[in-house]
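In case you want the letters, here they are:
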Amino acid sequence: MNLRHFVLASLALLALVVYLFVSAPPPLAGKALAGPAIPVERLFTLVEAENDAVRALWTQDIVGAGKAAGLKFDEHWRDADVEAGPLPALFLRATAVYLEKDPARLSLFLGSDFPINPANRFQGPQMEKFHLIKETQAPQFFFAADTGLYTAMYPDTAVASPCVSCHNEHPDSPKKDWKLHEVMGATTWSYPEASVSTEELLRIVAALRRGFQEAYTAYVKKAEGFARRPEIGSKWPKDCYCLPSVPTFMAEVERRTSTDTLKALFAAVSPPIPAGGIASTQAGVSAP
């Protein structure tokens, strides 16, 4: 591809990104979506990178800094009499709930072998894959025959001290000796197809970002009713007893993710992954 063609292709992809992230309506039922077939591994890699950036932002800049400023975070944050925000795992859960309602068909789950909530304990093949993750620190891609879904599991590591202290001090935690940088669980993504089109991929990433926004909006609305209401605007908890507004928070999400995501989008539409990826063998399990 010569320079002129590359620039034109780049501009076309960028225009599609902007359209789908900002103003695109949901796809029409039964309408064929344009674009080359992209292995689902690449979709998983892209959404996991977005999630990693937002989880780090939430854990360090909202929860960690927020606790130091006097804000509270609690597993029962949605209860009417609790003036607190969601812990990192619950922020991810709120995002996952939004995805469950979206037609994007992407599923998100955070599990562990020692979860505080027993419902988040891995079972069967996922537990086997999680043990491999703990041994190798590497993600696992496979076709889950029990669910009929293509699946990716990524190590969820304790990146900040609040992750460790919260689990070690929780009365229901089955493990009390977590350490910083230890693999505490696995972020698990599922999708029903072995590949996606370019347009589908972009719609899915847009849905994920809307999920982040919905999760944060729910917290801000709750905080607006606190007896000690934090200042909500352009400042962050590191500055004062305050929270960024929804537009401020999402602007930071986009700043931290957009460059890498755009690079990943270009990589996704390049030649497909060699044989042996999730669309062919799924770690020894043949796709249907």
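Look up a bit, the structure's there.
Residues numbered from 1 in each chain as written. Predicted model: local features only at pLDDT ≥ 70, side-chain atom pairs only at ≥ 80, totals over all residues. Heavy atoms only, no water.

J.: Before we go on, may I ask you to explain the environment of G185 in this structure?
T.: Tracing the backbone shows G185 in strand β5 (residues 183–191). Owing to a relative accessible area of 2%, G185 belongs among the buried residues under this scheme. Considered as a pair, G185 and A158 are 27 residues apart in the sequence and their alpha carbons are 9.1 Å apart. Apart from residues no more than four positions distant in its own chain, G185 is found in contact with G111, S112, F130, Y154, P155 and D156. (Helix = DSSP H or I, 4+ residues; strand = E, 2+ residues; numbered from the N terminus. Buried < 20%, exposed > 50% of the residue type's maximum accessible area, 1.4 Å probe, protein only. Contact = heavy atoms within 4.5 Å.)

J.: Help me understand the sheet that holds strand β4 (residues 149–157), please; the structure alone is not making it clear to me.
T.: Backbone-to-backbone hydrogen bonds join strands into a sheet, with any given pair of strands oriented parallel or antiparallel. Spatial ordering of the open sheet is given by β2-β5-β4-β3, a layout of 4 strands whose pairing is antiparallel. The outermost strands of the open sheet, each flanked by one partner alone, are β2 (107–111) and β3 (140–144). Strand-to-strand twist in this sheet, taken as the mean axis angle between neighbours without regard to direction, amounts to 25 degrees. Across 5 bridges, β2 lies against β5 in antiparallel orientation. In the sheet register, F109 faces β5, and the bridge partner there is T188. In the packing of helix α3 (residues 88–101) onto the sheet, the strands contacted are β2 and β5, and the crossing angle to β2 comes to about 155 degrees. Where helix α4 (residues 124–136) meets the sheet, it contacts β3, β4 and β5, and its direction lies at approximately 130 degrees from that of β5. (Pairing = 2+ DSSP bridges. Axes fitted to C-alpha atoms, helices over the stretch in contact; angles between N-to-C directions.)

J.: So what exactly am I meant to see when it comes to unusual backbone geometry here?
T.: Generally, phi is negative for residues other than glycine and the peptide bonds are trans, each holding for most cases. Positive phi, close to 70 degrees, is recorded for R105, a residue that is not glycine. Its place among the elements puts R105 in the loop between α3 and β2. Located in the positive-phi region is Q137, a residue other than glycine, with phi close to 65 degrees. When you line up the elements, Q137 lands in the loop between α4 and β3.

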